[in-house]
Amino acid sequence: MDPATIQMLLQGIVDTLYMTAVATLLAYIIGLPLGVIQVVTAKDGIKPNRFVYTVLNVIINIARSIPFLIFLVAILPFTRAIVGTSIGATATIVPLVVAAAPFIARLVESSIKEIDPGVIEAAQSMGASPMRIITHVMLPEARPSILVGSAIAITTILGYSSMAGFVGGGGLGDIAIRFGYYRYDNTIMLITVAILVIIVQIFQEVGMWIATKSDRRK
Amino acid sequence: MSEPNAIIRIENLEKSFITKKNTVTALRDINLTIREGEIFGIIGMSGAGKSTLVRCINYLERPTKGKVFFNGLDMSKLSRRELEKTRQSIGMIFQQFNLLMQRTTIGNICFPLEIAGVPKEEARKRAYELLELVGLKEKDKAYPSELSGGQKQRVAIARALANNPKVLLCDEATSALDPKTTRSILALLKDINARMGITIVVITHEMRVIEEICTSVAIIDDSRIAETGRVDSIFTRPQTAAARKLVFPDGENQAKYIGSRCCRIVFEGNSSFEPVVANMILACHAPVNIMFADTKDIDGKAFGQIVVQLPEDTLTANKMIAYLQEQGLTAEEVQL
């Protein structure tokens, strides 16, 4: 393999990791509070609010039901308005965040719902405010499960980022599509796929390891 | 109505839950006064509404009607913040302990202190004192998953006492524990009550818990208070069917089966060390009613006679006569 190809693949790895990392981080900044709000405002939540719950629930469901590839194209004008371009790794982060945030909201919601309601009731009996219950009971108690969810989220976002190659999104997916799909260069396609598989494995294993390590229930 | 030392007063409380199909009334016409420093038991079968009642005391459940006064404070008039503040004076422990699984023992006990805004160092110091009080000093860095049920409940008790509450609510606190651990937890609660003067409200479905620690008791049956009073008087003179059912769990049903057939048992020098009648009841699994007894113990030998009313069931009655005859006694059916 010539140095130029290797250089290109390395750049692909960097772009992919950059997109995945930044998109995951931003998606959590949006998705985590949304997930918390879903739990808190639910009928049996600590601050039930039917209106907020229903509206958010519908929005999350709609966003989750749109295939990522369509999302990617549909929000191109929005992407251009935010980052000034619709091509490249940075531009791909926008649709990644928009698509992943509702998904993360659901992951967080289900993680928090795993907590024994009795523990939350106990906190209420001690006079804990709803905000303290969120920050000191829900999130810490759900931490191992939220970490497991984040391993799932990061690998899913990595997969989405590869699809962005179809619209010139940069990264390994872009390389695989340009060389493998348009030019029938199977070697490069296989290499990029192999690299993607390895990255997913690493993220998944490390994520699970941290989650298990942080769980005090053994 | 208002007593000077009443710490909790419940007036005409009603609680109903609205489901999709209908409205379920969990509690109605509840009037209760719990005095400062006593251990008050609330007993009832499962589903009687006792867990809902205890949650109305600290307003985890808002009553549909009626009022709850804590230390003279009308709970319904409190703002959210005032309610949170008031709850710090009402500790609560649960059947499933409800400890924070991701925090150590000390971390769990510090939690209510964090809520109350106690500085970190002071909170840790207090937490260690409490851990010593419940006898788990060496388990300070253990996580709940590393503790036994009894130990978890001890941590929960320490946590509930952290903010020096006036009242401790115990919701089926020993129902998930074995009899030996139950006794040790009850002893701890009794000790806490005696030493710190904390009023304890015990919710249970087990009569032995009431027997063991309570001074007063309210019996809840079918969403209402069937009977309330001092434990000793309820035990000796239960007034209602619900109370009798709890005091004599099997007694009432069997009493109906006593028939009109009578049997005279004659003792002519059998060993008086042998509890003949009691053994017969155990062997035949049915009670008898002693109508008349005149026996004497002379040098370890029993003389005299006892007349008992036999069970209505012919088979059991015949079995009893046969049993007695087998023991070498004269047993004959008589008409009274």
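The residue count restarts for each chain, going from 1 along the sequence in the order it is written. The lettering of chains begins at A and the numbering of ligands begins at 1, in the order of writing. Reporting of local features is limited, given that this is a predicted model, to residues whose pLDDT is at least 70; pairs of side-chain atoms are given and counted only at 80 or more, and all residues count toward the totals for whole chains, interfaces and linings.

Draft legend 1. Local environment of the interface of chain B and chain A. At the interface, 18 residues of chain B touch 19 residues of chain A. Secondary structure counts use DSSP, requiring at least four H or I residues in a row for a helix and at least two E residues in a row for a strand, with both numbered from the N terminus. Mapped onto the side of chain B that touches chain A, the elements with two or more residues apiece are helix H2 (80-87), strand S6 (90-94) and helix H3 (105-115) of chain B. As a working rule, the residues Ala, Val, Leu, Ile, Met, Phe, Trp, Tyr, Cys and Pro are called nonpolar, Asp, Glu, Lys and Arg charged, and the rest polar, with Gly in that last group. When grouped by side-chain class, the residues that make up the side of chain B that touches chain A number 9 nonpolar, 6 polar and 3 charged. Contact criterion: two residues are in contact if their C-beta atoms, reconstructed from the backbone, are within 7 Å.

Draft legend 2. Layout of the packing of helix H11 (residues 276-284) of chain B against helix H12 (residues 314-326) of chain B. Residues and elements named next belong to chain B. As a packed pair, H11 and H12 sit with axes 10 Å apart at the nearest point and diverge in direction by 135°. It follows from the interaxial angle that H11 and H12 lie oblique. You can see that H11 and H12 cross each other, and the crossing is right-handed. In contact with Met280, Ala283 and Cys284 of H11, H12 contributes Thr316, Lys319, Met320, Tyr323 and Leu324. Residue composition of the contact of H11 with H12, by class: 6 nonpolar, 1 polar and 1 charged. To obtain each axis, a line is fitted to C-alpha atoms, and for helices this fit is confined to the stretch in contact; angles are then taken between N-to-C directions over 0 to 180 degrees. Here the angle decides the label: under 35 degrees means roughly parallel, over 145 means roughly antiparallel, 65 to 115 means roughly perpendicular, and every other value means oblique. What makes a crossing left-handed is the near helix being turned counterclockwise from the far one by less than a right angle; a clockwise turn instead makes it right-handed.

Draft legend 3. Examining helix H8 (residues 171-182) of chain A more closely. Residues and elements named next belong to chain A. Given a helix with a known number of residues, its expected span is that number minus one, times 1.5 Å. The end-to-end C-alpha distance of H8 is 16 Å, a good match for the 16 Å that 12 residues give at a rise of 1.5 Å each. Our exposure labels follow a C-beta count within 10 Å of each residue's own C-beta, placed from the backbone: buried means 20 or more other C-beta atoms, exposed means 12 or fewer, and partly exposed covers the counts in between. Every buried residue of H8 is accounted for by Gly171, Leu172, Gly173, Asp174, Ile175, Ala176 and Ile177. Buried residues along H8 sit in contact with helix H1 (3-41), helix H5 (89-113), helix H7 (130-163) and helix H9 (186-214). Tyr184 lies just past H8 and shows a positive phi near 55°.

All we've got here are geometric facts, nothing functional implied.
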